Structures are given as C-alpha cells and as structure tokens.
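Chain by chain, the residues:
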Amino acid sequence: MHKDLQEVLISTEELSAGIEKLGEKISADYEGRCLTLVGVLKGSVFFLTDLARRVTSDVRLDFMMLSSYSGERSTGVVRILLDLKESIEGSDVLIVEDIVDSGLTMSYMLQNLGTRRPRSLEVCTLLDKPSRRRAEVPIKYTGFTIPDKFVVGYGLDYNGIYRNLPYVGVLKREIIEGNKTCR
Ligand code: 5GP
C-alpha cells in the first residue's frame, strides 16, 4: 500500500471483478446497439478503458471535462472545461464517471447532455457516495457504494496525485492537512 494511505478500500482484484460484472450488464442491455461512452476527464479514464474492453456491443468514446473541485472540497459550481467532439443526437449515451458524491456534477451533465436529444442517456459510476448527496441523480450502473471518506487511486486524485494507484484507498488526514502537491 502507498505510504500516504490509511487503508485500501477496494483492491485491484475487487475492482477487476466489479468492472467485469458491469461490463456484462451493459453488454446485455445494449446488445445489437452502438453505445457512446462519455468519459468524464480526468478521473474516469482508468475505469473507462477497463470498462470499454468488457463491453461487447459496438462502442464509441467521447470525453468531457468539468470542474467543481479544488483540492478536497467541492465548490458546488460546475463548469465545462472541455466539451464533446461529436454530436450525440439520436445516440445511446452512457456517462462514465469515477464517483458520484454530492451529485451536482452529474445532475448538471444529465441536464446539459439531455438538451442534445440523445436516444437514451444513462449514468455508470465506479463509486457512489450516497451519504453526501445534494442533488438526486438516477444512476443505472454502480460499481461500488462507499462510505463518506475521501478516496484516491484508479483515476481519483488529490491535487493531481495518486491517479495511477491500481486500487482505491483512503488518504491519510495529515496528507490533506499538509496540502501535498506534485511539482
Ligand atoms: P460531485 O459533483 O458528485 O460532488 O463530485 C463529483 C466529482 O468530485 C468527481 O468526479 C470527483 O472528481 C470529485 N470527488 C468527489 N468525491 C471524491 C473523493 O472522495 N475523492 C476524489 N479524489 N475525488 C472526489
């Protein structure tokens, strides 16, 4: 385990098994259709690439980058930093997110992408932290439901660090208090 973590919450093996199950469900639900996976940068990239390889229907990938976080705290204000490259009008769209916490980011995305007239629009999140919800969001596919702890790894960062950890873990309090950065 990385020295800055207090515990590993979801191991590499558990991640792999959970994503395999999600892939099976999604493949069955979208069988014979072409699915647009919309990855939310940067946190969802590891999850998205592993998940996409478990989906047997035809898939295309597109990305959005949104911002509502600075360090550990949500500012509650969502901004689009990078928009989709392709039109989603008439498409089956599945938003792939690393974690739904307050739900503000996902609620904004659903509202925004919904206006572009997709054929269907659903949400798949690796992690769900339901105890902190401020906006109700319909999540169709959830990998793991977790307690109210600040987690890093497998795409999730703190000040841009720890995304490459092959598991999801809880950061030590002192690392957050010390505001660790990477230069
Ligand atoms: P929400 O808008 O649901 O509060 O937050 C969504 C975004 O906040 C996620 O995409 C993620 O970037 C960030 N976030 C929320 N909780 C955590 C957490 O426990 N760890 C990390 N690293 N990011 C989080």
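Note: the structure precedes this text.
Computed from a prediction, not measured in an experiment: that's the story for all the values here.

Asks: What exactly am I supposed to notice about the packing of aromatic side chains here?
Replies: One pair of aromatic rings is described through two measures. These are the centre distance and the angle between the planes. Applying the stated criterion across every chain yields a total of two aromatic pairs. Relative to Tyr154, the ring of Phe46 has its centre 6.3 Å away and its plane inclined at 45°; by these criteria the two rings are tilted. Remark: Tyr154 occurs in the loop between strand E8 (151–152) and strand E9 (168–171) and Phe46 occurs in helix H2 (residues 45–52); sequence separation between them is 108 residues.

Asks: Teacher, can you tell me more about the side chain of Thr125 here?
Replies: Counting through the fold element by element, Thr125 comes out in strand E6 (residues 120–128). For Thr125, a relative accessible area of 0% corresponds to the buried category. Among the polar contacts made by the side chain of Thr125, one reaches the main-chain carbonyl oxygen of Leu127 at a distance of 2.8 Å. Sequence-distant contacts of Thr125, that is, excluding residues within four places in its chain, are made with Phe47, Glu97, Asp98, Ile99, Val100, Ile139, Tyr141, Thr142 and Gly143.

Asks: What is the right way to look at the site of the ligand in this model?
Replies: Inspection of the region around the ligand gives 16 residues, with Ser102, Thr105, Lys129, Val151 and Asp157 positioned closest. With respect to the ligand, the side chain of Thr105 contributes an N or O atom lying 2.5 Å from an oxygen atom. Protein chains shield 92% of the accessible area of the ligand, which is 510 Å² for the free molecule. Where the shell around the ligand is concerned, the elements lending two or more residues are strand E5 (92–100) and helix H3 (104–114). With four residues, E5 is the largest single contributor of residues to the shell around the ligand. Looking at the shell around the ligand residue by residue, the class counts come to seven nonpolar, three polar and six charged.

Procedures and definitions
Residues numbered from 1 in each chain as written. Predicted model: local features only at pLDDT ≥ 70, side-chain atom pairs only at ≥ 80, totals over all residues. Heavy atoms only, no water. Phe/Tyr/Trp six-rings, centres within 6.5 Å; stacked < 30°, edge-to-face > 60°. Helix = DSSP H or I, 4+ residues; strand = E, 2+ residues; numbered from the N terminus. Buried < 20%, exposed > 50% of the residue type's maximum accessible area, 1.4 Å probe, protein only. Polar contact = N/O pair within 3.5 Å; in protein donor to acceptor, adjacent residues only side chain to side chain. Contact = heavy atoms within 4.5 Å. Near = heavy atom within 4 Å. Areas by Shrake-Rupley, 256 points an atom, 1.4 Å probe, with all protein chains shown as cover. Nonpolar A, V, L, I, M, F, W, Y, C, P; charged D, E, K, R; others polar.

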